[in-house]
Structure formats: C-alpha cells, structure tokens
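This is what each chain is made of:
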Amino acid sequence: MIEYLDRLTAGEPLSEKEYALLIRHHEDQALSEELFARARAGRERVFGKEVYIRGLIEFTNYCKNDCLYCGLRCSNRQLERYRLKEEEILSCCQSGYALGFRTFVLQGGEDPFFTDERMVHLISRIRQAFPDCALTLSIGEKSRESYRRYRQAGADRFLLRHETADEAHYRFLHPPALSWHHRMNCLKDLKELGYQVGCGFMVGSPGQTCDCLAKDMVFLRAFSPHMVGLGPFIPQHDTPFAGYPAGGLSLTLFMLALVRLTLPSVLLPATTALSTIHPEGRIRGILAGANVVMPNLSPLLVRDKYTLYDNKAFLGAEAAEAVDSLSQSMKSIGYHVVVSRGDHPSCRTTSPAGE
Ligand code: SAM
Ligand code: SF4
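In short, a report on the structure.

Calculation rules
- Residues numbered from 1 in each chain as written.
- Chains lettered and ligands numbered in written order.
- Predicted model: local features only at pLDDT ≥ 70, side-chain atom pairs only at ≥ 80, totals over all residues.
- Heavy atoms only, no water.
- Pairing = 2+ DSSP bridges.
- Helix = DSSP H or I, 4+ residues; strand = E, 2+ residues; numbered from the N terminus.
- Salt bridge = Lys/Arg side-chain N within 4 Å of Asp/Glu carboxyl O.
- Buried < 20%, exposed > 50% of the residue type's maximum accessible area, 1.4 Å probe, protein only.
- Near = heavy atom within 4 Å.
- Nonpolar A, V, L, I, M, F, W, Y, C, P; charged D, E, K, R; others polar.
- Polar contact = N/O pair within 3.5 Å; in protein donor to acceptor, adjacent residues only side chain to side chain.
- Areas by Shrake-Rupley, 256 points an atom, 1.4 Å probe, with all protein chains shown as cover.

As for the sheet that holds strand β8 (residues 292–293)
Pairing is parallel across the open sheet formed by three strands, whose spatial order is β8-β1-β9. What marks the edges here is a single partner per strand, and that holds for β8 and β9 (336–338). Where strand β1 (residues 50–53) meets β8, two bridges bridge the pair, whose relative direction is parallel. Note that in β8 the partner of Tyr52 across the bridge is Val292.

Take a look at the structure:
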C-alpha cells in the first residue's frame, strides 16, 4: 500500500482498482497515519498553515427535488420551511464581514421562488456591497444560461457535489427525475463559464462501495475541481434512508487525505457533517489535509430548520459568531485562520489573499 502512497505523492495516477484496494485498507492505522502525514505535508507546501473560512448562509430550505438522503426533499412534510429576504441575506453578509469573513456561500434547496431575476439581483447587491469578497453559490442544477447570468452578475464560485461518480449508485440515491448525466453536464458548464468549481460526495451513503469511492477518486483526478466538498452521510429521520447508518469517521478522514494527496492545491473543507459525527471532527479533518472551514452565518432563528440530517451541529464551534474559538482551536494544532478570500492558487490575481 505504501507504494501507492509514494506514487500519489509523486503526482502519479492510480487506477480505479488501485484506489479501491487502498480504500479497503482504511482501517489500517499505520497506513492512515502515513497517509495523513503526507496529506498534511502536501497541503502545507501549497497553503502553509493557513485555514480559510467561509460564511455559510443557508438562505432557503424549500426544495423541488426529492433526493432520498436529504431532509429538505420535497416529500418531507414535517419540515417547517423558510426563505430569507434579500435584506436578511445582506445583513448576514454584513455580520460576517465584521467577523472577518471574505467569502460568503449562499446555499439552499432548489427553490423556484428564487428565479434567475431574483438571484441576479441578490448577487449584484452582494457584489456591490462587498467588492473584496468572494461569492459562492450552492443552489443545485440550473441551465447553462442561468449559470452564465449568475457569473456575469458577480458569482465567483459554485459548489455542486457530483454525489457519486457511479451512475447506478446515483440512481439508487435519487428519484428517476434526476439524472447523473445532467449533473455531470452542469459541472462541465460551470467550469467552462469560469467559475471556481466544487464537486464532492458523501462518505458512507447508502449503497456506496469501495469501488464507488474509487470511481469518485478517478473522476476527481480527471475533472480537477478547485474545491471538493466531502463529508459523512448522516441519516435524517423523515427520509427513506432513515434506517441507514451514518458514514464513519475513519473512512471520511481517509478519503479527505486521499483527495488532498491526489489534488494538492484543492480547497478542501472539514465539513459540518464531520463535526456532527465526532466532537473533534473538524480538527481531525484539518489534520487529515483539509484547509477550509465553513461556519454557519444564517440567522439563529432558522439555523435549526436547515436539517439535511439529524443532530446537525450549528451552535458552538460551527457558528460564525464563534470565530474566535475556532481560531483558538486551530492555533492549538499549529494552524491559523486568515482573513482572506482564500481563492484557489490557480485563480489568485494579486496577493495570495486576493486583497
Ligand atoms: N440543493 C443543492 C444541491 O443539492 O446541490 C445544495 C444544497 S444540498 C443540501 C448540499 C449537499 O448536502 C448535497 O450535495 C449533499 O451531498 C449534502 N447532503 C444532503 N443530505 C445529506 C445527508 N443526509 N447527510 C450528509 N450530507 C447530506
Ligand atoms: Fe434538494 Fe439539494 Fe437536498 Fe437534493 S440535496 S433534496 S437538491 S437540497
């Protein structure tokens, strides 16, 4: 197995079979310690000890889709729905700016209320009010023309997890109305339109095998995204997958480190889902090669309604107001939070901070 790590460290590709074999050994402690050490060294070569923060604004929990794993799915009638007003979103950005955030991530379900006109208006206002900040969208599958309009209005980045690189697995996770090819095409469009693009997947989602994860790795290497969002699947009690177990900490950390070794310059968050399954999830994620954290900037009153999964962490260290304690906890492991847009190295224009 070490030979595979040597090859990845040297920037050489692994085949799907080789990745699968490596992933099957994720419980091997000596191997994973070695992998984490190499992932940390790789991330430090590119990003030093810096940790980038993004202020996450979950602006609507309405969704027209019915993904089987997600608590926001339209069939979930138990969920109290909300959508933030434009002024509320801008005020979240304002508080975030004062706390040191220079990237805002607008995330939501696929909510038909937010037409292209409304999105363009919102994006333009944020762009105007915060010219030194990056704006990331995570609002699902749209037409190429819609993506073009958002980009033109000032959106810099887009997160659209591919969810799985295995088409049959995609069909298992989604209703027939959603297509793997369409999602993959969206990612292609986003890249062509000049966004910094994030894809990604859940670890331990129902029906996932090591072969699926190996396919994800081969896909990531070929697509070479700017960001990878990767966290454990966590069941939500009002979804068809309520009875499935959550993805494990050790496999999630192993996958994070593999992504770092495969794509050394990638922006890689230690996700809220990781903090939800383990109290030290975020720190362990950083120590496995992650270099981004995305605390929650949504208004307190709605935070408990964006329930993709059960027991979602949104207070304490996951809250944007707690950025000081986040900085402290990063310091305790030798890293430091920076006030910066935190662009991908290939997209930096002037200084590394883009400021
Ligand atoms: N609606 C947009 C989309 O699907 O791209 C953005 C919001 S969606 C809630 C963001 C991500 O949450 C999804 O891509 C999915 O990977 C993740 N997610 C949804 N349900 C989850 C669950 N039960 N456990 C962990 N992650 C989940
Ligand atoms: Fe909607 Fe995104 Fe949840 Fe699917 S994952 S139901 S698109 S919010």
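Details of the pattern of salt bridges
A pair can form between side chains of opposite charge whenever their charged atoms are brought close. Under the counting rule described, the total for this entry stands at 28 salt bridges. One salt bridge in this structure joins Arg148 and Glu145, with 2.9 Å as the shortest N-O distance. In this pair, Arg148 and Glu145 both sit in helix α6 (residues 144–153), three residues apart, roughly one turn of the helix. Classification of Arg148 by relative accessible area gives partly exposed; the value is 33%.

Describing the site of ligand 2
What surrounds ligand 2 is the set Cys63, Asn65, Cys67, Tyr69, Cys70, Leu72, Arg73 and Gly109. Of the residues that constitute the shell around ligand 2, the class distribution is five nonpolar, two polar and one charged.

Some points on the site of ligand 1
Around ligand 1 sit 18 residues, and of these Tyr69, Arg161, Glu163, Arg183 and Ile234 come closest. Within the backbone of Gly108, a nitrogen or oxygen atom sits 3.1 Å from a nitrogen atom of ligand 1. Measuring from a nitrogen atom of ligand 1, one finds a backbone N or O atom of Ile234 at 2.7 Å. Taken by itself ligand 1 offers 550 Å² of open surface, and the protein chains cover 92% of this. Of the residues in the shell around ligand 1, the class split is 10 nonpolar, five polar and three charged.

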